[in-house]
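Spelled out from the first residue to the last, the chains are:
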Amino acid sequence: MSVTPRDEAYWTAQMLAIASQRDRKAFEVLFRHYGPRVKAFLIRTGLTPVVAEDCMQDVMVTLWRKAHLYDPARATVATWLFTIARNRKIDLIRKTRRPEPEDLPWGPEPEPAQADVVALQEDTRRLAEAVAQLPPKQRELVERAFYGELTHSEIAAETGLPMGTIKSRIRLAIERLRYAMQSDGPTPHTRAQQK
Amino acid sequence: MTITHSIDDSYLMGFAAGLLPEPFDLLVATAVSLDDEARARLAGFEAMGGALMMESEVAPLRDDTFDAVMGRIMGTPPDDMIHSDIKTPRMDPTFPQPLREVVGGDLDEVRWRSAGMGVKQAILRMGESGSVRLLKIPAGKAMPDHGHKGTEITLVLRGAFHDGADRYGRGDVEVADPDVHHTPVAEAGEDCICLVVTDAPLEFQGLLPKIAQRFLQI
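Residues numbered from 1 in each chain as written. Chains lettered and ligands numbered in written order. Predicted model: local features only at pLDDT ≥ 70, side-chain atom pairs only at ≥ 80, totals over all residues.

**Things to note about the overall build of chain A**
Along the backbone of chain A there are 9 helices and 0 strands. Reading chain A from its N end, one meets helices and strands in the order α-α-α-α-α-α-α-α-α. Across the 195 residues of chain A, 35% fall into the buried class. Looking at chain A alone, contacts between residues at least 24 apart form 66% of all its contacts between residues at least 6 apart. (Helix = DSSP H or I, 4+ residues; strand = E, 2+ residues; numbered from the N terminus. Buried ≥ 20, exposed ≤ 12 C-beta atoms within 10 Å, placed from the backbone. Contact = placed C-beta atoms within 7 Å.)

**Regarding the sheet that holds strand β2 (residues 120-127) of chain B**
Residues and elements named next belong to chain B. One open sheet holds the 6 strands; their spatial order is β1-β2-β3-β9-β4-β7, and the pairing between them is antiparallel. Of all strands in the sheet, those with a lone pairing partner are β1 (113-114) and β7 (173-176), marking the two edges. Relative to strand β9 (residues 192-198), strand β4 (residues 152-158) runs antiparallel, the two being bridged by 6 bridges. Of the residues in β9, the one forming a bridge with Glu152 is Thr198. (Pairing = 2+ DSSP bridges.)

**Focus: the nonpolar core**
Leu81(A) and Val28(B) are the most contacted members of the largest nonpolar core, which totals 84 residues. Among the elements that make up this core, the one with the highest residue count is helix α3 (residues 36-55) of chain B (9 residues). If we ignore the near neighbours within four places in the chain, the residues touching Val28(B) are Ile7(B), Tyr11(B), Leu12(B), Phe15(B) and Leu20(B). (Core = buried A, V, L, I, M, F, W, Y, C linked by C-beta atoms within 7 Å.)

**Remarks on the packing of helix α1 (residues 9-17) of chain B against helix α2 (residues 22-33) of chain B**
Residues and elements named next belong to chain B. Viewed as axis vectors pointing N to C, α1 and α2 meet at an angle of 110 degrees, and their least axial separation amounts to 10 Å. By the angle class used here, α1 and α2 are roughly perpendicular. In this structure, α1 crosses over α2, and the sense of that crossing is left-handed. Here Tyr11, Leu12 and Phe15 of α1 lie close against α2, whose contacting residues are Phe24, Asp25 and Val28. Residues that form the contact of α1 with α2 fall into these classes: 5 nonpolar, no polar and 1 charged. (Axes fitted to C-alpha atoms, helices over the stretch in contact; angles between N-to-C directions. Parallel < 35°, antiparallel > 145°, perpendicular 65-115°, else oblique. Left-handed = near helix turned anticlockwise from the far one by under 90°. Nonpolar A, V, L, I, M, F, W, Y, C, P; charged D, E, K, R; others polar.)

**What to know about helix α2 (residues 24-44) of chain A**
Along its 21 residues, α2(A) runs 29 Å from first to last C-alpha, staying within 8% of the 30 Å computed at 1.5 Å per residue. Considering bend angle alone, the principal kink of α2(A) is centred on Tyr34(A) and spans about 35 degrees; proline Pro36(A) follows within four residues of it. Looking only at α2(A), the buried set comprises Phe27(A), Leu30(A), Phe31(A), Tyr34(A), Gly35(A), Arg37(A), Val38(A), Lys39(A), Ala40(A), Phe41(A) and Leu42(A). Where the residues of α2(A) are buried, they touch α1 (8-21), α3 (49-66) and α4 (77-94) of chain A together with α3 and α4 (65-75) of chain B. A positive phi of about 115 degrees marks Gly46(A), the residue just after α2(A). (Expected span 1.5 Å × (residues − 1). Bend = angle between axes of the 7 residues up to and from the residue.)

**Topic: the interface of chain A and chain B**
The parts lose accessible area when they come together, and the size of an interface is often stated as this lost area. The partner chain B presents 47 residues to the 46 residues of chain A that form the contact. For the side of chain A that touches chain B, the secondary structure elements donating two or more residues are α2, α3, α4, α5 (114-133), α6 (136-147) and α9 (189-194) of chain A. Taken together, the residues of the side of chain A that touches chain B sort by class into 21 nonpolar, 10 polar and 15 charged.

**Notes on the environment of Arg39(B)**
Note on placement: Arg39(B) falls in helix α3. Taking the C-alpha atoms as reference points, Arg39(B) and Leu12(B), 27 residues apart in sequence, are found 8.8 Å from one another.

**Quick word on unusual backbone geometry**
One non-glycine residue, Arg22(A), lies in positive phi territory at about 50 degrees. Looking at the secondary structure, you find Arg22(A) in the loop between α1 and α2. For Arg22(A), a count of 12 C-beta atoms within 10 Å gives the class exposed. Not every positive phi belongs to a glycine, and Met117(B) is a case in point at roughly 55 degrees. Looking at where Met117(B) falls in the secondary structure, it is placed in the loop between β1 and β2.

**What to know about the confidence of the model for chain B**
Residue and element names in this part refer to chain B. Averaged over chain B, the pLDDT score is 82; the fraction of residues at 70 or greater is 83%. Across residues 81-87, where pLDDT falls below 50, the model places 5 contacts with residues more than four positions away in sequence or in other chains. Within the model, pLDDT remains below 50 along residues 202-216, and this stretch shows 16 contacts once partners closer than five positions in the same chain are excluded. (pLDDT = per-residue confidence, 0-100.)

**Digging into α2(B)**
Residues and elements named next belong to chain B. In a regular helix each residue adds 1.5 Å, so 12 residues correspond to 16 Å; α2 covers 18 Å between its end C-alpha atoms and thus fits that length. Of all 12 residues that make up α2, 12 are buried, and the element is covered over most of its length. Listed in full, the buried residues belonging to α2 are Glu22, Pro23, Phe24, Asp25, Leu26, Leu27, Val28, Ala29, Thr30, Ala31, Val32 and Ser33.

**Side note on the sheet that holds strand β6 (residues 166-168) of chain B**
Residue and element names in this part refer to chain B. Across the sheet, 3 strands lie side by side as β6-β5-β8; this open sheet has antiparallel pairing. What marks the edges here is a single partner per strand, and that holds for β6 and β8 (185-186). Examined bridge by bridge, strand β5 (residues 161-163) and β8 share 2 bridges and lie antiparallel to one another. Pairing of Phe161 across the sheet is with Ala186, part of β8.

**A short note on the packing of α3(A) against α4(B)**
A packed helix pair is summarised by two numbers, namely the angle formed by the two axes and the spacing between the axes. Look at α3(A) against α4(B): their axes get within 10 Å of each other, and the N-to-C directions meet at 50 degrees. Classified by the interaxial angle, the pair formed by α3(A) and α4(B) is oblique. Here the hand of the crossing between α3(A) and α4(B) comes out right-handed. Within the contact between the two elements, α3(A) uses Gln57(A), Met60(A), Val61(A) and Trp64(A) and α4(B) uses Thr65(B), Ala68(B), Val69(B), Arg72(B) and Ile73(B). Its residues placed into classes, the contact of α3(A) with α4(B) shows 6 nonpolar, 2 polar and 1 charged.

Below is the structure:
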């Protein structure tokens, strides 16, 4: 079997190797791939490079320690790391633990269904593609809103657009993404996420 | 359980991006715990965050970074692997876990104080970025009409209330902008318990018109 390093399944397999065998090689592979992006994300949201480096290290320590909690049917490795990085950053700033939704109860089968894992990986790939293909203006708005570079009213001030337009623009971008994800195939993506 | 007023996308996206004012985080986490459809939408926004993170540029790491992390992993006891993240609540708790953690337990741990007119409240948090409190409106009674600075979000945890033509039951969310005057009325039969969050610091000014505000500390 050949795997290309770009394949989501490849990264998921590394995660599972850490969870089940404490595989250091797998950890280093994930570290070198995701570490620089986690750090860049943290810098982009306002941390200094020095603080971002420390925070990224915390995230990677968490990855090692909580690998057994990773559920490939509910998130890709990138999504999971994104949420860990986001939470860690907020905890650093606020000095209290941020509340997270109650975890879903574990089902009767401890192993996620392989079909769900594959479906989610496929959906996430399509989402990433859809994000990349958004018209530049919409993409920039989504990105800036997501990275907290501009509040809604600041976007309005900057572009001279009224608030209502901004909201509907962002909503349009979101709908476009949803549409892109649904029109490619009959994958029940909400089912995979809701599980 | 059917949610008829699900939490809005903008709050889920803000939560996913980590950009909400602190008091709203607890409300979103609690609402999502009760609403699978909102949980799925949140997961979608988090996937978007992951995609944006992977799409953006990379930042060079320090040369010794990997060794430093391995050193930390090997050098410190893995304490958070020992205590489980999963807590077993008693059967059918009223409060989802994120709220139980703030309250220090379920409904029976709440220390209610009178807020006047039969309404009771418990302030969980109050600060620059807003306030978080629990409200208990007696069955069949109305919340005193009140205005508020900033946005006020109400999540129903038990019972139900009516506001105009709309009914809000467990898991439903009502958002009221600063200029909205609303008068929620608790449904007959059961006291209505809500989590209420505002993003504006509390203000006490004026006299008579602000009396309700003073009682309720909205």
